[in-house]
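Structural description and commentary
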Amino acid sequence: MKKLFRRFAAKLVTLYYRRMYRKGVEACDKLHAERKNAYYLIDWPDKNGKRVLKPLSRRGFRSLKHWAQSFYFGVDMKYWSHDYNMSTLREGAWYYTPDRAENHGLSESEKEVRRLAFLREGLRRAKLLDE
């Protein structure tokens, strides 16, 4: 019975994370079509502590770094470190669109790998993976 419940729960979690990923990709593509900038799909904690996917531009990432530096001033300057740069954002994003010149986008195989990694992360967060 426990196996049946875990299998059913895994199906529900997979459907939920698949829908969340699809909506996030659509939001990134829509913003890219309107503004012609590169957008990155990242995990973002909302007000309730729930993790959601949010499109973030390069300018948004910079303002986030500046906000973090002013908020954590004197506590820990790790957010202002050079370790947090655009290549780190690009590597850690679940999806990203090409830049203004339509270069440096994700290949189809890389899109699928990131999508499957996101689904796996969802199952891990729901504690449904045996690792």
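The structure under discussion appears in the preceding block.
Quick look at the structure, then. (Residues numbered from 1 in each chain as written. Predicted model: local features only at pLDDT ≥ 70, side-chain atom pairs only at ≥ 80, totals over all residues. Heavy atoms only, no water.)

Of regular secondary structure, the protein possesses four helices and three strands. Traced from its N-terminal end to its C-terminal end, the protein shows the element sequence α-β-β-α-α-β-α. Looking at the 131 residues of the protein, the share that counts as buried comes to 28%. The long-range share in the protein, meaning contacts at least 24 apart out of those at least 6 apart in sequence, stands at 55%. Accessible surface computed for the protein: about 9,600 Å², of which carbon and sulfur atoms make up 55%. (Helix = DSSP H or I, 4+ residues; strand = E, 2+ residues; numbered from the N terminus. Buried < 20%, exposed > 50% of the residue type's maximum accessible area, 1.4 Å probe, protein only. Contact = heavy atoms within 4.5 Å. Areas by Shrake-Rupley, 256 points an atom, 1.4 Å probe, with all protein chains shown as cover.)

With that settled, the discussion passes to the sheet that holds strand E1 (residues 39–45). Judged by pairing direction, the sheet is antiparallel, and its three strands sit side by side in the order E2-E1-E3 without closing on themselves. In the strand order of this sheet, the two ends are held by strand E2 (51–57) and strand E3 (95–96), each with one partner. Where E1 meets E2, seven bridges bridge the pair, whose relative direction is antiparallel. Within the sheet, the bridge partner assigned to tryptophan 44 lies in E2 and is valine 52. Strand contacts of helix H1 (residues 2–35): E1, E2 and E3, with the helix running at about 135° to E1, the strand carrying the most contacts. (Pairing = 2+ DSSP bridges. Axes fitted to C-alpha atoms, helices over the stretch in contact; angles between N-to-C directions.)

The subject of this paragraph is the side chain of threonine 97. Relative to the elements of secondary structure, threonine 97 occurs in the loop between E3 and helix H4 (108–125). We classify threonine 97 as buried; its relative accessible area is 3%. Among the polar contacts made by the side chain of threonine 97, one reaches the main-chain amide nitrogen of tyrosine 39 at a distance of 2.8 Å. Apart from residues no more than four positions distant in its own chain, threonine 97 is found in contact with Cys28, Asp29, His32, Asn37, Ala38 and Tyr39. (Polar contact = N/O pair within 3.5 Å; in protein donor to acceptor, adjacent residues only side chain to side chain.)

This part takes up unusual backbone geometry. Not every positive phi belongs to a glycine, and glutamate 102 is a case in point at roughly 60°. Structurally, glutamate 102 is set in the loop between E3 and H4. On the basis of relative accessibility, which here comes to 45%, the residue glutamate 102 falls in the partly exposed class. The phi torsion at lysine 127 lies on the positive side, around 60°, for a residue other than glycine. Looking at the element boundaries, lysine 127 is found in the segment after H4. On the basis of relative accessible area, lysine 127 is assigned to the exposed category, the value being 67%.

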